[in-house]
Every structure is written in C-alpha cells, then in structure tokens.
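Residue-level structure breakdown
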Amino acid sequence: MTTRRSESEQKNVDQEEIAKFSALASRWWDPDGEFKPLHKINPVRLGFIENHAAGLFGKKILDVGCGGGLLSEAMAERGAEVTGIDLAEPSLKVARLHALESGRNIAYQCIAIETLAQQQPASFDVVTCLEMLEHVPDPVAIVQACAKVVKPGGLIFFSTLNRNVKSWLLGIVAAEHVLGWVPKGTHQHRRFIRPSELLQMCDQAGLEDIAINGLIFHPLNGFILSEKDVDVNYIVALRKPE
C-alpha cells in the first residue's frame, strides 16, 4: 500500500513546474519582481480568508503550495500557527530565511499534501491552497487530501484560474506577453479550472461551499474582490461538515 501511494503522489508532481518556480526562488520577496502580482493580490486573498474564518488568531493553519511564504507569513502575522508545505525546496529555503529575518515562527516542510494528509488527518482548523491547482496533473487528488487534513467544521480555501477565452487573453496573453506581470510560460491554459469543475471536485470530497469571489484588477483600485466576475482569477471558501 505504501509503495502504491508513493507512486501516486509522484505522478501528481510536474517536475517542470517545480523547476520553473525553483529557478525563481530568490525573487519571491521582491515586490517588483516576477511575483509582483502575488504581492499585490496577497492582502485581498488574506482579507477574504480572515473574514470567512472569523479571524486567524490562534488557529492552526496549513498553507499548501506555500512557495516563498507570502501568504504563510501574512497569516502568521495575524497570530495563526502556520505550517507551509511545498515541493520546491529552493522556495522553502527562501521562505525559512525570510521568516527568520521577520521573526515569524512558521513550520515549513518539503512534503506532498497527500503524504501529510495520511500522517496528520483532521489536524488543521484552516487549509489554504492558492494558485496551485492549475500547476498539478491531478487537482482532484489535492482537493481530496486537503479535505482529509482539515478538521471537521474547518475551512478550506482554494484559488485558481477559470478556463475560457477571457482568461486566456488576460491571464496568459496580457499578463505574460504584453504586460510582463509574470514570466512567459507560467501558466498552461488547458490546466485552468472552471468554477463548476472545482466545486464538483469539492462536492465529491464532501466539502460544502460557502462563498466564491472573483479576484479582478481595477485600474484605479488594484486587485479587488467581486461576487459577480469570476471569469479569470477566483477564490472559493468551503467548510468540512462536522
């Protein structure tokens, strides 16, 4: 059984994606670098999470696909007990160093969510998995593992990109090739996930959806939440039943 599970987890890792983000690891905390959009959108995502979780202070939180730790540190700053996991070790090294410099006590681990879910089922009050599902071969397995690792009554947050013509034009053509917000090749449109598809995955994992908001760019106000426009980026809040 252990061997089969290990092989399954290995198949749910795109080594090209890991290499891509590993190569950019040193620039995670540069607000004007390749991760500038994440720096801009991070406060909006944090506000959405904090609002639906009724505050983060004292909560045990797992940040899946934490990268260089932008969200992990922001949640730790709010008083949460944060564990961040990722499979790109160079990114985790940057995250650990920055947390040390910032005085944030965050547990970073290079481990697959499927493995952690087997080791620590029903262990976290909140699970976040943002901008990750579109980078793995089997997002269904990630959703199921997140559902397993959260406590009954706990919350899970996913964010990803919708799959349609508009998301291709704005998320790839504009963001990567025209505006240069993210490096070329960051995203593959075929891996974008429609909200209906994500909600179906969550329903199959036994999760109840609470809210879904689009994350849109406003020329004057920057990134904002929208209850009506989920055409490109969107974030979902879900609860695991008691």
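Further up the page is the structure itself.
Residues numbered from 1 in each chain as written. Predicted model: local features only at pLDDT ≥ 70, side-chain atom pairs only at ≥ 80, totals over all residues. Heavy atoms only, no water.

**Comments concerning a nonpolar patch on the surface**
Just so we agree on the cut-off: Patch construction takes residues with relative accessible area above 30% that form no salt bridge. Like charges are linked within 9 Å, and nonpolar side chains (Val, Leu, Ile, Met, Phe, Trp, Tyr) are linked within 5 Å. All accessibility values rest on the Shrake-Rupley procedure with a 1.4 Å probe; residue burial counts only the protein chains present in the view. When a carboxyl oxygen of Asp or Glu is within 4 Å of a side-chain nitrogen of Lys or Arg, the pair counts as a salt bridge. Numbering of helices and strands runs from the N terminus, with a helix taken as a DSSP run of H or I at least four residues long and a strand as a DSSP run of E at least two residues long.
A grouping of Val165, Trp168, Leu169 and Leu170 is seen on the molecular surface, where their side chains present a nonpolar patch of about 390 Å² in accessible area. Following the sequence through the fold, leucine 169 ends up in helix α8 (residues 165–178).

**Here we look at the pairing of strand β7 (residues 222–226)**
Applicable threshold: The pairing criterion for strands is at least two bridges between them, as found by DSSP.
For strand β6 (residues 208–218) and β7, the ladder comprises 5 bridges, and the chain directions are antiparallel. What sits directly across from isoleucine 216, in β7, is isoleucine 224. Turn length for the β6-β7 hairpin, with the two strands adjacent in sequence and antiparallel, is 3 residues.

**Some details on the packing of helix α3 (residues 36–52) against helix α4 (residues 70–77)**
The condition is simple: A fitted line through C-alpha atoms serves as each axis, taken over the contacting stretch for helices, and the angle formed by two N-to-C directions is quoted from 0 to 180°. Comment on the angle field: the value is read as roughly parallel under 35 degrees, roughly antiparallel over 145, roughly perpendicular from 65 to 115, and oblique elsewhere. Here is the rule for handedness: rotate from the far helix to the near one, and if that takes an anticlockwise turn smaller than a right angle the crossing is left-handed, while a clockwise turn gives right-handed. We call two residues contacting when some pair of their heavy atoms lies within 4.5 Å. Following the grouping adopted for this structure description, the nonpolar residues are Ala, Val, Leu, Ile, Met, Phe, Trp, Tyr, Cys and Pro, the charged ones are Asp, Glu, Lys and Arg, and the polar ones are all others, Gly among them.
Here α3 crosses α4 at 45 degrees, and the two axes come no closer than 10 Å. Taken together, the axes of α3 and α4 are oblique relative to one another. The crossing of α3 and α4 is right-handed. Residues Leu38, His39, Asn42, Arg45, Leu46 and Ile49 of α3 lie in contact with α4, whose contacting residues are Leu70, Leu71, Ala74 and Met75. Considering only residue class, the contact of α3 with α4 consists of 7 nonpolar, 2 polar and 1 charged.

**Describing the environment of valine 149**
Looking at the element boundaries, valine 149 is found in helix α7 (residues 139–149). On a C-alpha basis, the gap between valine 149 and valine 127 in space is 8.0 Å, while along the polypeptide they are 22 residues apart.

**Points about the pattern of salt bridges**
This is how the line gets drawn: A simple rule labels every residue: compare its accessible area, found with a 1.4 Å probe on the protein chains alone, to the largest value its type can have, and call it buried under 20%, exposed over 50%, or partly exposed in between.
Going through the model one piece at a time under the given rule, you end up with 8 salt bridges. Taking the shortest distance from any N to any O, the salt bridge between glutamate 50 and arginine 78 comes out at 3.3 Å. On the criterion of sequence distance, the pair formed by glutamate 50 in helix α3 and arginine 78 in the loop between α4 and β2 (81–85) is long-range, its members being 28 residues apart. Residue class for arginine 78 comes out partly exposed when judged on its relative accessible area of 35%. Here lysine 166 ties to aspartate 229 by a salt bridge, and the two come within 3.6 Å at their closest N and O atoms. With lysine 166 in helix α8 and aspartate 229 in the loop between β7 and β8 (233–239), this pair connects stretches of sequence that are 63 residues apart.

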